[in-house]
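Structural overview
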Amino acid sequence: MFIVQGKPREPEGIEKATTDSREEALETAGDFLNRGLPFVIVVADGRVYTVDEFAMTVVNRRKHGR
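Quantities reported herein were computed from a predicted structural model and do not represent experimental measurements.

Before going further, it helps to spend a moment on the pairing of strand β3 (residues 39-44). Alternating positions in β3 separate cleanly, V40, V42 and A44 being buried on one face and F39, I41 and V43 remaining unburied on the opposite face. As defined by bridge partners, strand β1 (residues 2-7) adjoins β3 across 5 bridges and the pair is classed as antiparallel. Directly across from I3, in β3, lies its bridge partner V43. Two strands pair when backbone bridges link them, and β3 and strand β4 (residues 47-50) are joined in this way by 4 bridges, in the antiparallel orientation. By the bridge assignment, I41 is partnered in β4 with T50.

The following block contains the structure:
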């Protein structure tokens with residue numbers, strides 16, 4: 001399971017979504033960014049990733065056939 005969290009500039013309004021795959025998590029994070037949420041993170045693998053960091057995990061897995 002992957003948790004995607006988006007936070008607006010105001011203290012209220014944090015949005016969270018859970019997904020079953022890395023690709024879905026990355027797509028959800030992109031949707032949050034496109035909707036104007038400036039602070040988006042992905043929780044996966046026991047870590048907290050920025051969207052850019054998480055995108056690299058998806059790219060690296062594709063390169064290595066995982």
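Anyway, onward from the coordinates.
What follows is about the sheet that holds β3. Spatially, the 4 strands line up as an open sheet ordered β2-β1-β3-β4, and their pairing is antiparallel. The open sheet has two free edges, formed respectively by β2 (15-19) and β4, since each of these has just one partner strand. Along the sheet, successive strands turn relative to each other by an average axial angle of 25°, direction set aside. This element, helix α1 (residues 22-34), spans β1, β2 and β3 of the sheet and lies at about 5° to β1. Strands β1, β3 and β4 of the sheet are contacted by helix α2 (residues 51-63), whose axis makes an angle of about 105° with β4.

What follows is about the environment of A25. Note on placement: A25 falls in helix α1. In this structure A25 comes out as buried when scored by relative accessible area, which is 0%. Considered as a pair, A25 and M1 are 24 residues apart in the sequence and their alpha carbons are 9.0 Å apart.

Time to look at the pattern of salt bridges. Counted according to the given criterion, the structure contains 2 salt bridges. When the shortest N-O distance is used, the salt bridge between E15 and R35 registers 2.5 Å. Note that E15 is positioned in strand β2 and R35 in the loop between α1 and β3, a separation of 20 residues in sequence. Given the relative accessible area of 28%, E15 is considered partly exposed.

Moving on to the packing of α1 against α2. Orientation of α1 relative to α2, taken along the N-to-C sense of each, is 150°, at an axis distance of 10 Å. Between α1 and α2, the crossing angle belongs to the class labelled roughly antiparallel. Of the two possible hands of crossing, α1 and α2 adopt the one that is left-handed. For the pair α1 and α2, contact is made by R22, E23, A25, L26, A29 and L33 and by V51, F54, A55, T57, V58, R61 and R62, respectively. Tallied by class, the residues present in the contact of α1 with α2 amount to 8 nonpolar, 1 polar and 4 charged.

Basis of the calculations
Residues numbered from 1 in each chain as written. Predicted model: local features only at pLDDT ≥ 70, side-chain atom pairs only at ≥ 80, totals over all residues. Heavy atoms only, no water. Buried < 20%, exposed > 50% of the residue type's maximum accessible area, 1.4 Å probe, protein only. Helix = DSSP H or I, 4+ residues; strand = E, 2+ residues; numbered from the N terminus. Pairing = 2+ DSSP bridges. Axes fitted to C-alpha atoms, helices over the stretch in contact; angles between N-to-C directions. Contact = heavy atoms within 4.5 Å. Salt bridge = Lys/Arg side-chain N within 4 Å of Asp/Glu carboxyl O. Parallel < 35°, antiparallel > 145°, perpendicular 65-115°, else oblique. Left-handed = near helix turned anticlockwise from the far one by under 90°. Nonpolar A, V, L, I, M, F, W, Y, C, P; charged D, E, K, R; others polar.

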